Amino acid sequence: MPVAVAAAVAEAHRREWARVLAAAVRVTRNLDLAEECVQDSYTAALTAWAATGIPARPGAWLTTAATRRGLDLQRRAATARRALPMLLPEQVEPVPGECDGEEFPDDRLRLVFTCCHPALAPDTRVALTLRLVCGLSTAEVARAFLVAEPTMAARITRGKKKIAAAGIPYRVPSAAELPERVGAALTVVHLLFTTGHAAPAGDDLVRRDLVERALDLVRMLRELLPGDPGVAGLLALVLLTDARRETRTGDDGRLLLLSEQDRSRWDRSAVTEGVALVREALRHRPPGRFALMAAIAAVHAESPSWADTDWREVVGLYDLLVQVWPSPVVALNRAVAVGFADGPEAGLAALEPLAAEPRLAGYSYLAAARADLLRRLGRTREARDAYTEALLLTGNSVEREFLTGRLAELGG
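J.: Hey, could you run me through the overall build of the protein chain in this one?
T.: Along the backbone of the protein chain there are 19 helices and two strands. Taken over the C-alpha trace, the protein chain has a radius of gyration of 23 Å; the compact-globule value for 412 residues is 22 Å, and the two agree within 12%. By its C-alpha atoms, the protein chain is 70 × 55 × 40 Å across when sized along the principal axes. Here the protein chain, with 412 residues, has 50% of them falling under the buried criterion. The contacts of the protein chain with a sequence gap of at least 6 include a subset with a gap of at least 24, amounting to 66%.

This is the structure in structure tokens:
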């Protein structure tokens, strides 16, 4: 039973953290206190579930435990509570302009917008939301940002202090406030999705809980802003990318590259919905980064086979994306596309300038991309070195097994 209970609590943490925390914040109106109560509820579950059995609805059990704990602490420690970050004024009545629970029944969206308040620096908004809404560890958030863990820990702490100092409310913004807030929220959801799509650590390639949470949140944003091209583009990107989920590993758990995947098993309903959303998003001029990223995903989704992929179109879309969003990861992906459009020598040339990019230091996919281009060029010794570097930087077991296989093929 202890093993089963521990597994159930771990699963509930992955799937229910955001719901439990959001409910606790609503009850306590206090961010730090809510986090403490949620952590206490998970600790209590280890003992209680071992004695009484795993509940049919773990999330509901944890939510009840966390909110009761919060109310109890409020009653017993009112003075201490006043020193902690307050997310709402003392009154219980809704703040004017605040959306009520009937219109937005999922408190996770309220939590996202609280963390994405303009009073916070853009990077802090995303980091804080990933930590609080998604329950990611500080190390996982740091990896998503390509920064050191201590740097991310300090950023999250500063974000919490800023929430306290600014008196940021726990609510969905009014219609007038939404436009300036949606960009940060979209970035949050995108990073949440990418973290789940290619899990930075663990035994599974995909963290389904994070992928599904990202899809849930972007659909909520779509309901909030049905005419926003950024929301349409991000929803398209998530749908088109996740449509391949079931084919990304084989029956034996081995990672399958895009060229190896069985396209007949891709989720065609998701592809159809995604392509329609891409067209909608691209009608806005100039197209935004999520629309362009979704357009790239659509090229792959609509290609009948790997051999039929229009790599020239992919490179052209990356050229536009680099202008809109000059990210080193985008430049890396563009170099990979160039390697397929113009050959591995051209791809390697496009990749070389990124070796000096500090934000890619320790980024395993840079070494892996370089290794593949060198392998295709027949530069075996250099390819082995690059694969070894990528292996040292990779924390996901499925990806590690793939890289180990590549090394074995090269005699490494």
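Read on, since the account is not over.
J.: Just to check I follow, could you spell out the packing of helix α9 (residues 178–197) against helix α11 (residues 229–242) for this structure?
T.: The relative placement of two packed helices comes down to the angle between their axes together with the axis-to-axis distance. Two elements in contact, α9 and α11, have axes separated by 10 Å at closest approach and are oriented at 5 degrees. Taken together, α9 and α11 sit at an angle that is classed as roughly parallel. Counted together, Val182, Leu186, Val189, His190, Phe193 and His197 of α9 and Gly230, Val231, Leu234, Leu237, Val238, Thr241 and Asp242 of α11 form the full contact between these two elements. Here the contact of α9 with α11 is built from residues that sort into eight nonpolar, four polar and one charged.

J.: Just checking my understanding: could you explain helix α17 (residues 364–376) for this structure?
T.: Since the α-helix turns once every 3.6 residues, residues separated by three or four places project in the same direction. Compared with the 18 Å implied by 1.5 Å per residue over 13 residues, the 19 Å span of α17 between its first and last C-alpha is a close match. Every buried residue belonging to α17 is among Ser364, Leu366, Ala367, Ala368, Ala369, Ala371, Asp372, Leu373 and Leu374, and all of these are buried. Where α17 terminates, the next one or two residues include Gly378, which has phi positive at roughly 80 degrees.

Procedures and definitions
- Residues numbered from 1 in each chain as written.
- Predicted model: local features only at pLDDT ≥ 70, side-chain atom pairs only at ≥ 80, totals over all residues.
- Heavy atoms only, no water.
- Helix = DSSP H or I, 4+ residues; strand = E, 2+ residues; numbered from the N terminus.
- Rg over C-alpha atoms; globule rule 2.2 N^0.38 Å.
- Buried < 20%, exposed > 50% of the residue type's maximum accessible area, 1.4 Å probe, protein only.
- Contact = heavy atoms within 4.5 Å.
- Axes fitted to C-alpha atoms, helices over the stretch in contact; angles between N-to-C directions.
- Parallel < 35°, antiparallel > 145°, perpendicular 65-115°, else oblique.
- Nonpolar A, V, L, I, M, F, W, Y, C, P; charged D, E, K, R; others polar.
- Expected span 1.5 Å × (residues − 1).

Keep in mind these numbers describe shape, not what the thing actually does.
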